[in-house]
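# Survey of secondary and tertiary structure
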Amino acid sequence: DAGVTQSPTHLIKTRGQQVTLRCSPKSGHDTVSWYQQALGQGPQFIFQYYEEEERQRGNFPDRFSGHQFPNYSSELNVNALLLGDSALYLCASSLQGEKLFFGSGTQLSVL
Amino acid sequence: DAKTTQPTSMDCAEGRAANLPCNHSTISGNEYVYWYRQIHSQGPQYIIHGLKNNETNEMASLIITEDRKSSTLILPHATLRDTAVYYCIVRGGGAGSARQLTFGSGTQLTVLP
């Protein structure tokens, strides 16, 4: 049983570009959450998707958007990248929210 | 959700019990205590959670004080692979809550050989 898988594992972009990160949830899970983790800090909640809709959102600007597909997989899109967007982006899946299972993340570097 | 306070770092000898404290003095009645850990270069891993009673699973034990204002995560026989950042998180909304997890800075546990 595959756990949460994220792609790509590493990504380098330049300021102003756009990026799309992908996540496949653990089998049987219907809820996907995205977190941003800056170096040396704990993960910060971006948003959560359930039934293809954004259910909750953290304190992130509209440049951060997402999508959930009918198969429960999800994408995180970030527009107009800033240097400060450099971070580890974590995807977590769950079944009705009790225990979150995290992927290994996508390390995004913005130059 | 209630705020948690954890020591920045702790050391533990391999094979000994690791006891990681967490203060959550403003916790309310329907808020659960969750513990996750993050090994370097990996995503956080769920360990255990509880409401008021002590809990035990194959990874750890969770001891919650009677007033619920603090808790302790116990790793009974720490190994080098338990070296990680441990996060204590308080989350409301019930056992099946969809509320997000609010991570603090956690405790860096280093298991020494």
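Use the structure listed above.
In this text the structure is predicted, and so the values were computed from the model without any measurement.

On to the overall build of chain A, then. A tally of helices and strands in chain A yields 0 helices and 11 strands. Ordering the α and β elements of chain A from the N terminus gives β-β-β-β-β-β-β-β-β-β-β. Its C-alpha atoms give chain A a radius of gyration of 13 Å, within 12% of the compact-globule value 13 Å for 111 residues. Expressed as lengths along the three principal axes of its C-alpha atoms, the size of chain A is roughly 40 × 25 × 25 Å.

Quick look at the side chain of T106 of chain A now. Residues and elements named next belong to chain A. Secondary-structure assignment places T106 in strand 11 (residues 106-110). By relative accessible area, T106 is classed as buried at 0%. A distance of 2.5 Å separates a polar side-chain atom of T106 from the backbone oxygen of P8. T106 has contacts with Q6, S7, P8, T9, L21, A87, L88 and Y89, leaving out every residue within four places of it along the chain.

Attention shifts here to the pattern of salt bridges. Where charged atoms from two side chains of opposite charge approach closely, those side chains can pair. Residues and elements named next belong to chain A. Tallied over the entire structure, the rule returns 4 salt bridges over all chains. Two residues, E54 and R57, come together in a salt bridge whose shortest N-O distance is 3.1 Å. E54 sits in the partly exposed class, given a relative accessible area of 37%. Two residues, R63 and D85, come together in a salt bridge whose shortest N-O distance is 2.9 Å. You can see R63 sitting in the loop between strand 6 (53-57) and strand 7 (64-68) and its partner D85 sitting in the loop between strand 8 (74-78) and strand 9 (87-94), a full 22 residues away along the chain. In terms of burial, R63 and D85 fall into one category: buried.

Before going further, it helps to spend a moment on the packing of aromatic side chains. Under the criterion given, the structure shown has 11 aromatic pairs over all chains. Taking 5.3 Å as the distance between ring centres and 85° as the angle between the ring planes, the aromatic pair formed by F47 of chain A and Y49 of chain A counts as edge-to-face. Geometrically, the ring pair formed by F102 of chain A and Y36 of chain B is edge-to-face, given 6.1 Å between the ring centres and 85° between the ring planes. Placement of the pair is F102 of chain A in strand 10 (residues 101-102) and Y36 of chain B in strand 3 (residues 32-38), with the two residues belonging to separate chains. Summarising the burial analysis for this pair, F102 of chain A and Y36 of chain B share the class buried. Taking NZ or CZ as reference, K26 of chain A lies 5.2 Å from the ring centre of F101 of chain A, over its face. Its guanidinium or amino end placed over the ring of Y50 of chain A, R55 of chain A lies 4.3 Å from that ring's centre, counting from NZ or CZ.

Our next topic: the state of the cysteines. Here the structure, examined in full by the defined rule, presents 2 disulfides over all chains. Shown here is the disulfide that connects C23 of chain A with C91 of chain A, its sulfur atoms set 1.8 Å apart. The chirality of the disulfide connecting C23 of chain A with C91 of chain A is left-handed, given an S-S dihedral of about -65°. Separated by 68 residues along the polypeptide, C23 of chain A in strand 3 (residues 19-24) and C91 of chain A in strand 9 bring together distant segments of the chain. Residue C91 of chain A is classed as buried on the basis of its relative accessible area, which comes to 0%. Between the sulfur atoms of C22 of chain B and its disulfide mate C88 of chain B the distance is 2.1 Å. Because the torsion about its S-S bond is -80°, the bridge between C22 of chain B and C88 of chain B counts as left-handed. Taken as a pair, C22 of chain B in strand 2 (residues 18-23) and C88 of chain B in strand 8 (residues 84-91) lie far apart in primary sequence, 66 residues in all. Assigned by exposure class, C22 of chain B and C88 of chain B land together as buried. Of all cysteine sulfurs, the one in C22 of chain B lies closest to C12 of chain B, which takes part in no disulfide; the gap is 18 Å.

What counts as what
- Residues numbered from 1 in each chain as written.
- Chains lettered and ligands numbered in written order.
- Predicted model: local features only at pLDDT ≥ 70, side-chain atom pairs only at ≥ 80, totals over all residues.
- Heavy atoms only, no water.
- Helix = DSSP H or I, 4+ residues; strand = E, 2+ residues; numbered from the N terminus.
- Rg over C-alpha atoms; globule rule 2.2 N^0.38 Å.
- Buried < 20%, exposed > 50% of the residue type's maximum accessible area, 1.4 Å probe, protein only.
- Polar contact = N/O pair within 3.5 Å; in protein donor to acceptor, adjacent residues only side chain to side chain.
- Contact = heavy atoms within 4.5 Å.
- Salt bridge = Lys/Arg side-chain N within 4 Å of Asp/Glu carboxyl O.
- Phe/Tyr/Trp six-rings, centres within 6.5 Å; stacked < 30°, edge-to-face > 60°.
- Lys NZ or Arg CZ within 6 Å of the ring centre and 35° of its normal.
- Disulfide = S-S within 2.5 Å.

Any functional reading would require information beyond the geometric quantities listed.
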